[in-house]
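# Topology and contacts: notes
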Amino acid sequence: QAAAEHVHRSLPALLLTGDLDANSARDAAGNVESLVIVADTPFLAQLCRDALLLDIDDEPDPLRRGIRYFYAATLDVRLREYELALGHGVLAKEELEQSDVPSPLDVQRFLDRLRESG
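Procedures and definitions
Residues numbered from 1 in each chain as written. Predicted model: local features only at pLDDT ≥ 70, side-chain atom pairs only at ≥ 80, totals over all residues. Heavy atoms only, no water. Core = buried A, V, L, I, M, F, W, Y, C linked by side-chain atoms within 4.5 Å. Buried < 20%, exposed > 50% of the residue type's maximum accessible area, 1.4 Å probe, protein only. Helix = DSSP H or I, 4+ residues; strand = E, 2+ residues; numbered from the N terminus. Contact = heavy atoms within 4.5 Å. Arc of directions from axis to C-beta. Salt bridge = Lys/Arg side-chain N within 4 Å of Asp/Glu carboxyl O. Axes fitted to C-alpha atoms, helices over the stretch in contact; angles between N-to-C directions. Parallel < 35°, antiparallel > 145°, perpendicular 65-115°, else oblique. Left-handed = near helix turned anticlockwise from the far one by under 90°.

### A few points about the nonpolar core
With 36 residues, the main nonpolar core has Ile67, Tyr71 and Leu105 as its most contacted residues. Within the residue set of this core, elements represented by two or more residues are α1 (2–15), α2 (22–38), α3 (42–53), α4 (62–78), α5 (82–98) and α6 (107–117). The dominant element in this core, judged by the number of residues it contributes, is α4, at 8 residues. Among residues more than four places away in sequence, those in contact with leucine 105 are Ala29, Ile67, Phe70, Tyr71 and Leu96.

The following block contains the structure:
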């Protein structure tokens, strides 16, 4: 739990501060993607997923919530938890659709591929 909280505290730096526009949203998504890439063991994947989901309802920005849910979903897949991945993917899509900024992520493609493989 302490490790997840430590990673969680780094999320504002990864997701950037202030209002996001199309460019900064891509940067924020890329930052979180980099975190996910280095989480290459089941333990690290679980840790990063827990950090992304920790207090997610306290995040006021739907774009940032969507990014967090999306990358949690990708970690769900890595952990072979496909039902959770589908749920987090749907939440990501809903959150990103609430934002006025175009989504830097193709969540529908992710969901389609997930459904095809299941």
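Past the structure itself, the notes keep going.
### Here's the deal with α6
Within α6, burial applies to Val107, Phe110, Leu111 and Leu114. Axial view of α6: buried residues confined to an arc of 95°, hence all on one face. Turned more than 90 degrees away from the buried face of α6, the exposed residues are Arg113 and Glu116. On its buried face, α6 sits against α4 and α5.

### Description of the pattern of salt bridges
This structure, assessed with the given rule, holds 5 salt bridges. A salt bridge links glutamate 81 to arginine 49; the nearest nitrogen and oxygen atoms lie 2.4 Å apart. Here glutamate 81, found in the loop between α4 and α5, pairs with arginine 49, found in helix α3; they are 32 residues apart in sequence, far enough to count as distant. For arginine 49, a relative accessible area of 6% gives the class buried. When the shortest N-O distance is used, the salt bridge between arginine 68 and glutamate 59 registers 4.0 Å. Accessibility classification places arginine 68 together with glutamate 59 in one group, the buried group.

### A word on unusual backbone geometry
Despite not being glycine, leucine 16 has its phi angle at roughly 65°, a positive value. Residue placement: leucine 16 occurs in the loop between α1 and α2. Looking at leucine 16, the relative accessible area reads 27%, which means it is partly exposed. In this structure, aspartate 55 takes a positive phi of about 55° despite not being glycine.

### A word on the packing of α5 against α6
Their axes nearest at 9 Å, the elements α5 and α6 cross at an angle of 160°. Taken together, α5 and α6 sit at an angle that is classed as roughly antiparallel. Judged by the sense of rotation from one axis to the other, the crossing of α5 with α6 is left-handed. Residues Tyr82, Ala85, Leu86, Gly89, Val90, Ala92, Lys93 and Leu96 of α5 form the contact with α6, whose participating residues are Val107, Gln108, Phe110, Leu111, Leu114 and Arg115.

### Some remarks on the environment of alanine 45
By secondary structure assignment, the location of alanine 45 is in helix α3. The contacts of alanine 45, once residues within four sequence positions are left out, are Ala39, Leu75, Arg78 and Leu79.

By themselves, these are just geometric observations and shouldn't be taken as functional.
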